[in-house]
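If you want the building blocks of each chain, they are given just below.
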Amino acid sequence: MRRMLYLCALIFAAFSLMVTAQAADKVVLSGAGATFPAPLYMKWFSEYNKQNPNIEINYQSIGSGGGIKNLIAKTVDFGATDAPMTDKELAEAGAPVLHIPTVMGAVVITYNLTEVTKPLRLTSEVIADLYLGTITKWNDPKIAALNPGVALPNKAIVVAYRSDSSGTTAVFTEYLTKTSEAWKAKVGAGKAVKWPTGLGGKGNEGVTGFIKNTPGSLGYVEFTYATAEKLPVAELKNKAGQFVAPSVKAISDAAAGAMKTLPADMRVSITDADGKTSYPISAITYLLVFQNMPKDKGQPLVEFLKWAMKDGQALAPALSYAPLPKPMLSKVEGKVTSVTLK
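Residues numbered from 1 in each chain as written. Predicted model: local features only at pLDDT ≥ 70, side-chain atom pairs only at ≥ 80, totals over all residues. Heavy atoms only, no water.

Participant: Hey, could you run me through the overall build of the chain in this one?
Facilitator: A tally of helices and strands in the chain yields 13 helices and 13 strands. Principal axes of the C-alpha set define a box for the chain whose edges measure 90 × 45 × 30 Å. For the chain, contacts bridging at least 24 residues in sequence account for 76% of all contacts bridging at least 6. Side-chain charges in the chain split into 36 positive and 27 negative, and the spacing between the mean points of these groups amounts to 2 Å. (Helix = DSSP H or I, 4+ residues; strand = E, 2+ residues; numbered from the N terminus. Contact = heavy atoms within 4.5 Å. Lys, Arg positive; Asp, Glu negative; His and termini not counted. Charge placed at Lys NZ, Arg CZ, Asp CG, Glu CD.)

Participant: It is not clear to me how the nonpolar core should be interpreted in this structure. Could you clarify?
Facilitator: For soluble globular proteins, nonpolar side chains are generally found buried alongside one another. Ile109, Ile127, Tyr131, Phe172, Leu218, Val289 and Phe304 are the most contacted members of the largest nonpolar core, which has 103 residues in total. The element that contributes the greatest number of residues to this core is strand β4 (residues 97–111), accounting for 10 residues. Residues within four places of isoleucine 127 in sequence aside, it is in contact with Ile109, Leu122, Phe172, Tyr175, Leu176 and Leu236. (Core = buried A, V, L, I, M, F, W, Y, C linked by side-chain atoms within 4.5 Å. Buried < 20%, exposed > 50% of the residue type's maximum accessible area, 1.4 Å probe, protein only.)

Participant: Explanation requested: helix α9 (residues 203–213) in the structure shown.
Facilitator: Three- or four-residue spacings in an α-helix give side chains the same orientation, since the helix completes a turn every 3.6 residues. Of the residues making up α9, those classed as buried are Gly203, Asn204, Val207, Thr208 and Ile211. The inward-facing, buried residues of α9 abut β4, β6 (158–162), α7 (167–179), β7 (199–201), β8 (217–222) and α10 (223–228).

Participant: Explain the pairing of strand β1 (residues 27–33) to me, please; I cannot follow it from the model alone.
Facilitator: Within β1, five of the seven residues are buried, leaving the element largely enclosed by the surrounding structure. Relative to strand β2 (residues 55–61), β1 runs parallel, the two being bridged by seven bridges. Its bridge partner being in β2, glycine 33 is matched across the sheet by serine 61. (Pairing = 2+ DSSP bridges.)

Participant: Whenever I open this one, the sheet that holds β1 confuses me. Can you help?
Facilitator: As a general point, the strands of a sheet are linked pairwise by backbone hydrogen bonds and lie either parallel or antiparallel. The eight strands lie next to each other as β2-β1-β3-β11-β4-β8-β6-β7, forming an open sheet whose pairing is mixed. On the outer flanks of this sheet lie β2 and β7, each paired with one strand and no other. Across the sheet, the axes of successive neighbouring strands diverge by a mean angle of 25°, strand direction being ignored. Against the sheet, helix α2 (residues 38–51) touches β2, β3 (78–81), β4 and β11 (282–290), its axis set at about 165° to β2. (Axes fitted to C-alpha atoms, helices over the stretch in contact; angles between N-to-C directions.)

Participant: How should I be thinking about the packing of aromatic side chains in this particular structure?
Facilitator: Aromatic ring pairs are defined here through the distance separating the ring centres and the angle between the ring planes. The full count for this structure, using the stated rule, is 20 aromatic pairs. Their ring planes at 10° and their centres at 4.2 Å tell us that phenylalanine 172 and tyrosine 220 sit as a pair that is stacked. On the criterion of sequence distance, the pair formed by phenylalanine 172 in helix α7 and tyrosine 220 in strand β8 is long-range, its members being 48 residues apart. Taken as a pair, phenylalanine 172 and tyrosine 220 share a single burial class, namely buried. Put simply, the rings of Tyr41, Trp44, Phe45, Tyr48, Tyr59, Phe78, Phe304 and Trp307 touch in pairs and so form one group of aromatic residues. (Phe/Tyr/Trp six-rings, centres within 6.5 Å; stacked < 30°, edge-to-face > 60°.)

Participant: What is the right way to look at the environment of lysine 43 in this model?
Facilitator: Tracing the backbone shows lysine 43 in helix α2. Taking the relative accessible area as the measure of exposure, lysine 43 reaches 37% and is therefore partly exposed. Taking the C-alpha atoms as reference points, lysine 43 and alanine 316, separated by 273 residues in sequence, lie 9.4 Å from one another. Those residues in contact with lysine 43 that lie beyond four places of it in its chain are Leu315 and Leu319.

If you want it as structure tokens, here you go:
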């Protein structure tokens, strides 16, 4: 009996040591930022954890502005943003920060108008007028002129915008600033702007939920959020004068020209891009990492990023994101391997 108890005690002690060792080997990485790529990031982190059970990546979808602030405050291991950090923000970080492009997406104009079953066509001029408050009804002549044969209702338009500091907002307002003199003069571009009209929602999730539940509403969200809720999206007139619906291909086409002049720091815009098939409000989204990182967190983060540049890219189209262009991938991989581990 004593021998049996002794053996049980040995087995229990060995098991406890094994569990303790496994717990010691587990690495938890924390990140925060953009809601724009969050659906894909959640998929990536889950898949990567299945393949690497000792690596857990936690992500807070709080908006690009929040991600940048948390990175600067060093309360996370990485940040995420659709709007590249400004020179001022990079200086505030106090140490070199790398912009790692991860994937590309689109900001779409979505709406709740059950009376209309055909996708609406819109221009940057009309979109600017909607958010400036000069177009207030769905049957406005400017909207009607773009959609001949469509019976537009005499219904008020409620526009929705992001109430938080947002990369999606930065991309959207950059596009309007490039294409509308009225918008440029009165509002301008940024992660947070002073909206002339409308109601705010937090995150892409908040704006999408508002539009889904508010008849007559219109807003801008990342493509994936609209498709997930089966909301209609508008076809937008691009720089070449063509009306283009958002798609993985149209996003990729928007990036083609930018690859020829890609800056070394990877901070680049692909809004209002050249090309007949380019979707005009496309964007690259980034993970933000410090150039110098402690090895215990930096090594697993680098390994994840290598996986994201290869296996992760294949998961993007199913969620309406476009993989990074091949000419960019090799440069991004070089950027990833430049992380110095201390």
